[in-house]
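In case you want the letters, here they are:
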Amino acid sequence: MAFVKKDVVEQYKTHETDTGSPEVQVALLTTRIKYLSEHFKKFPKDFASRIGFLKMIGHRRRLLDYIKKNNKESYTTLIKKLDLRK
């Protein structure tokens, strides 16, 4: 998972030393959410992980709302790149 994180940061960073902008955070959360959704298909009774999964979804939603409020262009390109609904 660590090697995937570096690739995601490189792909979505907004400037050279960017590791924590909202766009990068949303991309990282999206990769973890996709991974966990596959995990739940194999292990449907893993309720402990499901709680963290739902928290991640809420955190991503709040970050997307923040991006949408402050930078519409960035929001639309990020949604298209990550293939999220909206």
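Residues numbered from 1 in each chain as written. Predicted model: local features only at pLDDT ≥ 70, side-chain atom pairs only at ≥ 80, totals over all residues. Heavy atoms only, no water.

Let's talk about the packing of helix 1 (residues 2-12) against helix 2 (residues 22-42)
Heads up, the condition is: Every angle, taken between N-to-C directions, lies between 0 and 180 degrees, and every axis is a line fitted to C-alpha atoms, over only the stretch in contact when it is a helix. We count a stretch as a helix when DSSP gives it H or I for four or more residues in a row; a strand needs E for two or more, and each element gets its number in order from the N terminus. Less than a right angle of anticlockwise turn of the near helix away from the far helix marks a crossing as left-handed, whereas a clockwise turn marks it as right-handed. When checking whether two residues touch, look at their non-hydrogen atoms; a contact exists if any pair is within 4.5 Å. Under the scheme applied, nonpolar residues are Ala, Val, Leu, Ile, Met, Phe, Trp, Tyr, Cys and Pro; charged residues are Asp, Glu, Lys and Arg; polar residues are all the others, including Gly.
Two numbers describe how helix 1 lies on helix 2: the axes approach to 9 Å, and their chain directions differ by 140 degrees. The crossing of helix 1 and helix 2 is right-handed. Contacts between helix 1 and helix 2 involve Lys5, Val8, Val9 and Tyr12 from the former and Glu23, Val24, Ala27, Leu28 and Thr31 from the latter. When the residues that make up the contact of helix 1 with helix 2 are grouped by side-chain class, the tally is six nonpolar, one polar and two charged.

What about the confidence of the model for the chain?
Regions with low pLDDT should not have their predicted coordinates read in detail. Formally: Each residue carries a pLDDT value, the predictor's own confidence for that position, ranging from 0 to 100.
Taken over all residues, the pLDDT of the chain has a mean of 93, while the share at 70 or more is 99%. Put simply, helix 1 is where the chain has its lowest mean pLDDT, 87, and helix 3 (residues 47-70) is where it has its highest, 96.

Looking at the packing of helix 3 against helix 4 (residues 72-82)
In plain terms, the rule: What sets the label is the angle itself: under 35 degrees gives roughly parallel, over 145 gives roughly antiparallel, 65 to 115 gives roughly perpendicular, and the rest give oblique.
Relative to each other, helix 3 and helix 4 sit at 135 degrees, their axes nearing to 5 Å. Taken together, helix 3 and helix 4 sit at an angle that is classed as oblique. The residues of helix 4 that touch helix 3, namely those facing Arg61, Leu64, Ile67, Lys68 and Asn70, are Lys72, Ser74, Tyr75, Leu78 and Ile79. Broken down by class, the residue content of the contact of helix 3 with helix 4 amounts to five nonpolar, two polar and three charged.

A few points about the side chain of Glu23
If you trace the backbone, Glu23 turns up in helix 2. Apart from residues lying up to four places away in sequence, Glu23 is in contact with Tyr12, Thr14, Ile67, Ser74 and Leu78.

Considering the layout of surface pockets
As a reminder of what qualifies: A pocket here means an open set of points on a 1 Å grid, computed over the protein atoms alone, that has protein on both sides within 12 Å along at least five of seven lines. A cavity is instead a set of points where a 1.4 Å probe fits but cannot get out; residues with an atom within 4 Å of a point line either one. Grid points are joined across faces, edges and corners, and a volume is the space filled by probe spheres set on the points.
In this model, the largest pocket occupies a volume close to 310 Å³. Every residue lining the largest pocket is counted, eleven residues in all, and those nearest its centre are Ile33, Arg60, Asp83, Leu84 and Arg85. Among the secondary structure elements, those contributing two or more residues to the lining of the largest pocket are helix 2 and helix 3. The biggest single contributor to the lining of the largest pocket is helix 3, with four residues. Tallied by class, the residues present in the lining of the largest pocket amount to four nonpolar, one polar and six charged. Of the pockets and cavities examined, the second largest pocket occupies roughly 150 Å³. Met1, Val4, Lys5, Leu28, Leu29, Thr31 and Arg32 together form the lining of the second largest pocket. Mapped by element, the contributors of at least two residues to the lining of the second largest pocket are helix 1 and helix 2. Examining the composition of the lining of the second largest pocket, we find that four residues originate from one element, helix 2, more than from any other.

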